[in-house]
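For reference, the chains in residue letters:
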Amino acid sequence: MQVKFSDEVGAVLCAGSATPSLLVIPFVFSLKDFSLVYVAVLIFWVNMLSDWPVTWLITGYVVLVNIDEAGTLFVTNYRLLFMSEGSRNIISLGTIPLATIEKFNKIAMKLPSAPRQSDRAPSRRLLQVIGKDMRIVVFGFLPRTKQRRRVFEALLKCTKPARLWDLYAFTSGPSRFSDANPVVRLLNEYFRLLGMVSYHASTSIIEDGSFTLSNEWWRISAVNSNYTMCPTYPFALLVPKCISDEEVLQASTFRGRCRLPVISWCHPENGAVLARSSQPLVGLMMNMRSNADEKLVASLCTHLAGAGQPRRKLYIADARPRKNALANGAMGGGSESSSNYFQSEIVFFGIDNIHAMRDSLSRLREYLDTHGATSSDGISSFLRHGGWTWGGGNLSSMSASVSTLGDSGWLIHVQNILAGSAWIAARIALESASVLVHCSDGWDRTTQLVSLASLLLDPYYRTFEGFQALVEKDWLAFGHPFSDRMGMPTLSGSGSMLYELSRQSSSGSFPSSPLRQASGSFTSQSQISSHGQSSNNCSPIFLQWVDCVSQLLRMYPFAFEFSSVFLVDFLDCVLSCRFGNFLCNSEKERLQSCISDTCGCLWMYLADLRASEGNSHEHHNLFYDPSKHGHLLPPAAALAPTLWPQFHLRWACPSEAQAGEVEARCRSLAKKLSGLHKAKELAERKTKEITATMESLTEALQNEKQVSISAMNVANRANKESAAIKRAIQSLGCKVHFSDSGDCTVGIESDPTENPHKFLPSPSKRESDSTVEDDEKSDLSVSITVMADDVDSNNPISRVCESLCPLRTRDGRCRWPDAGCAQLGSQFVGLKANFDAFDRLSIYDSYFRSE
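Remember, it's a predicted structure, so these values are computed and weren't measured experimentally.

I'd like a description of the overall build of the chain, backed by residues and values.
A count of helical and extended segments in the chain gives 23 helices and 22 strands. For the chain, with 851 residues in total, the buried portion stands at 49%. For the chain, the computed accessible surface area is about 40200 Å², with 54% contributed by carbon and sulfur atoms.

So, the environment of R312: which residues are in play, and what are the values?
Relative to the helices and strands, R312 resides in the loop between helix 7 (291–298) and strand 14 (314–318). Residue classification places R312 among the buried residues on the basis of a relative accessible area of 2%. C-alpha separation for the pair R312 and A433, spaced 121 residues apart in sequence, amounts to 5.5 Å. With residues up to four places along the chain from it excluded, the contact list for R312 reads N270, G271, A272, L300, C301, T302, H303, L304, Q343, S432 and S434. A polar side-chain atom of R312 sits 2.8 Å from the main-chain carbonyl oxygen of N270. A polar contact of 3.4 Å, which involves the side chain of R312, links it to the backbone oxygen of H303.

Can you tell me about the pairing of strand 15 (residues 344–348), naming the residues and giving the values?
Of the strand pairs in this sheet, strand 14 and strand 15 are connected by five bridges, and their pairing is parallel. Across the sheet, residue A317 finds its bridge partner in strand 15, namely V347. Read from strand 14 through helix 8 (residues 322–328) to strand 15, the crossover connection turns out right-handed.

Please provide a residue-by-residue account of the confidence of the model for the chain, values included.
On average, residues of the chain score 78 in pLDDT, and 69% of them are at 70 or above. The model gives residues 46–55 a pLDDT under 50, and that stretch makes 36 contacts with residues more than four places away or in other chains. Predicted confidence is poor over residues 750–793, with pLDDT under 50, and the contacts of this stretch with residues over four places away or in other chains come to 76 contacts.

Help me get a handle on the pattern of salt bridges, residues and values and all.
Applying the stated criterion across every chain, the model contains 21 salt bridges. Close ionic contact of R176 with D608 constitutes a salt bridge, the shortest N to O distance being 3.6 Å. Separated by 432 residues along the polypeptide, R176 in the loop between helix 3 (168–171) and helix 4 (182–193) and D608 in helix 19 (residues 602–613) bring together distant segments of the chain. Judged by relative accessible area, R176 falls into the exposed class, the value being 65%. As a salt-bridge pair, E189 and R192 come within 2.9 Å of each other at their nearest N and O atoms.

I'd love a proper account of helix 15 (residues 541–555), names of residues and values included.
Between the first and last C-alpha of helix 15 there are 22 Å, a value that for 15 residues agrees with the 21 Å anticipated at 1.5 Å per step. With respect to burial, helix 15 is a largely interior element, 13 of its 15 residues being buried.

How would you sum up the sheet that holds strand 13 (residues 273–276)? Please name residues and give values.
Through backbone hydrogen bonds, the strands of a sheet pair up, either in parallel or in antiparallel fashion. Overall, mixed pairing links the five strands, which are arranged 12-13-16-14-15 in an open sheet. Looking at strand neighbours, the two that pair on one side only are strand 12 (262–266) and strand 15, the edges of this open sheet. This sheet shows a mean twist of 25° between the axes of neighbouring strands, independent of strand direction. Inspection of the sheet shows strand 14 paired to strand 16 (residues 434–438) by five bridges, in the parallel sense. Counted as the bridge partner of I316 is L436 from strand 16. Against the sheet, helix 12 (residues 445–457) engages strand 12, strand 13 and strand 16, with an angle of about 165° to strand 13.

Quick rundown of the packing of aromatic side chains? Include the residues and the values.
Tallied over the entire structure, the rule returns 34 aromatic pairs. Ring centres of F104 and F152 lie 5.2 Å apart, and the angle between their planes is 80°; on these two criteria the pair is classed as edge-to-face. Placement of F104 in strand 7 (residues 101–110) and of F152 in helix 2 (residues 147–158) is noted, with a sequence separation of 48 residues between them. The buried category is assigned to F104, whose relative accessible area is 1%.

Any chance you could break down the environment of S204 for me, citing the residues and the numbers?
Tracing the backbone shows S204 in helix 5 (residues 203–208). Each C-alpha atom of the pair S204 and V184 lies 10.0 Å from the other, and the pair is 20 residues apart in sequence.

I'd like a rundown of helix 13 (residues 464–477), residues and numbers included.
Here helix 13 spans 18 Å end to end across 14 residues, near enough to the 20 Å set by a 1.5 Å rise per residue. By the criterion of burial, helix 13 is predominantly enclosed, with 13 of the 14 residues buried. In the stretch just after helix 13, G479 is the one whose phi turns positive, near 75°.

Let's hear about the pairing of strand 5 (residues 79–84): which residues, and what values?
Most of strand 5 sits inside the fold, with six of its six residues counted as buried. Neither face of strand 5 is left uncovered, since the one carrying R79, L81 and M83 and the one carrying L80, F82 and S84 both have all their residues buried. As paired elements, strand 4 (residues 69–75) and strand 5 share five bridges and run antiparallel to each other. Residue L73 lies in a different strand from strand 5, and its bridge partner there is F82. Adjacent in sequence and paired antiparallel, strand 4 and strand 5 are bridged by three residues. Relative to strand 6 (residues 96–97), strand 5 is paired through two bridges, and the arrangement is antiparallel. Looking across to strand 6, one finds that R79 is bridged to P97.

Each value, and the rule that gives it
Residues numbered from 1 in each chain as written. Predicted model: local features only at pLDDT ≥ 70, side-chain atom pairs only at ≥ 80, totals over all residues. Heavy atoms only, no water. Helix = DSSP H or I, 4+ residues; strand = E, 2+ residues; numbered from the N terminus. Buried < 20%, exposed > 50% of the residue type's maximum accessible area, 1.4 Å probe, protein only. Areas by Shrake-Rupley, 256 points an atom, 1.4 Å probe, with all protein chains shown as cover. Contact = heavy atoms within 4.5 Å. Polar contact = N/O pair within 3.5 Å; in protein donor to acceptor, adjacent residues only side chain to side chain. Pairing = 2+ DSSP bridges. Right-handed = clockwise from strand over helix to strand, strands pointing away. pLDDT = per-residue confidence, 0-100. Salt bridge = Lys/Arg side-chain N within 4 Å of Asp/Glu carboxyl O. Expected span 1.5 Å × (residues − 1). Axes fitted to C-alpha atoms, helices over the stretch in contact; angles between N-to-C directions. Phe/Tyr/Trp six-rings, centres within 6.5 Å; stacked < 30°, edge-to-face > 60°.

Next comes the structure, spelled out in structure tokens:
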């Protein structure tokens, strides 16, 4: 299979679109076992699987030597992307952002051949890629395909661009993760430190300069608002209230790069402060002094709380070794003298410079690649040299391999930084003393110590919001040179890298991480072409600080809102230069290049990731308990750092890097538990609804039962009344018959010996009138009406009954049996008669039965 690429690039770019876009390059193929359909499928998969828009594409069929995986290597304007041939999945080990690449080397290796045919033996074309994220990757290319040269030239062009505007953060187009004004967030953090939480910063108060607020001891100064006093300091500074801006300007001239002592953090209870600066310019003889600088430093020693208390003590912590501080005196720098500064004590921490840190990380990376499971030469550490890397039964050899880790010095450097930060935090928390920290320039070791001590002292900085405020204040606003330390171009062009492409013959190893000799693999190394940075300012200072944070997170798992996974993702975003937050060397340069308006925001991106799953996201620490820890003051015995598995071991030892597997399992169980809690709450709500419905139905049933009982009582009373009426009418000599339809028939007999006269029934017992039919026998029709209890006593029917009833006694009492026509229970029975019929009755008629 051979793949050739035309030099002419034709493309369509969807810049700034929400979906990833891909520029397609025309290809010229030599179809052997490689088809155009296969290429189309590859391009489709890159479109689907790639997270970033790209502006050009180079592909080639290669082998990832580390894991002996064949696949396709894509080179975009953002990253190298390796896709497995078998699974069509993106292999994370072979996928690395271009800005994360520290250096890359082109090497030709001769494969084993038969004797006397060494000249004819083909050579294997290899490309070694060394990343800033602890990985060393080797790709193998087929000879005589020019694939490696194409990839190498693409990396030359894009890994270290000469201009700031050529970085991916600018060329990728507008981002939906827009950044708000970072200077506003800095002012809000100053307001919090001063105890003015009710104040909120805005661009308007920055423009009119009304942000210069103060409390009893400290104030916000706008003396550097145009960055003329110190271009690497922020626009607003926190200084003692008793120091005027003129004195601040005078004091700045006595400090390296005009980085005068300013306050970084204030203790909210005891009033102590943590301040930072650069080295004083005392000179070789250490006899130079500045009254303004001494007054400014002395003003940090305010009086202790309480009437009549003395002024607090001041510690001046020099992060450098003492000999380095004295050596800087030859260049005009140096260190303070305790006799010149009021109530002060000078302490040296002995932390090495940026060059020592760079070399230390390089040795650690080589150690991990040599003894890891996925080494860059494709050989496991258990099999290399017959297992001699692990002793092979010889404990002295095993000790030698383990000592290589100690020889890297990385963990010692991390321990020194942790110890220095813990010492600073203890002085402030336990002694109520103020501490001034500096190194040479005050932007590398000083920033590490100050920010880590603040993290120990202030629980707010151990939350997501506080961690962002801490990084933006101490690292970004106070001018840590991120572009120089990461080898990226700056606004002024001073950070642009010049590259040196050297070819040299060597029978040894790689310049950084060797392809180790092994039987059956490679026999000799013929030619090396390396590409590396000529700048000497690159150093993993920020990476080292994040490593220190991970060590504290390991020691205090309940004290941090964020997890170790968050720190890894955060560090990957910083190293990739995908976002603009960590570009340039100072706040001034970022404002001049309009980064907040042009590039995406890392903090918004991470917040968006967390918002997708809430507290169950892997960035959240499951064990976080804000009430469990206030100040973190680790004793010296606890400051024993270890390798950070999730970061240091993830490429060389992927299985062993799963130190967060327990946390992941706990997170999974927490998700299940959360789901069960939600289901329980839902079931409880439904139970409450069902219970309320049942109570309502029960109440309605009780009401219906009461109504039914009342109806039965009414019916019983009606039966009793009907029986009483029947007896009353029968007492008149009438026969009463109630039909099923409710009609009533009453018959009156004129003579007991005669047949009874029949009267027609009333149409209904609810009718109020009766119809009288006149015939020869003078029939009498009687209608009986049942009335309710609440019938008004003034009812005409009642009055007729009372006044005209022929059965009433002389004293007005009723003679009906059982008082049938007066009042029976809840029913009133009234009798309405046809009095015309009464008039036609003869006195001889037996209407009234004789007693």
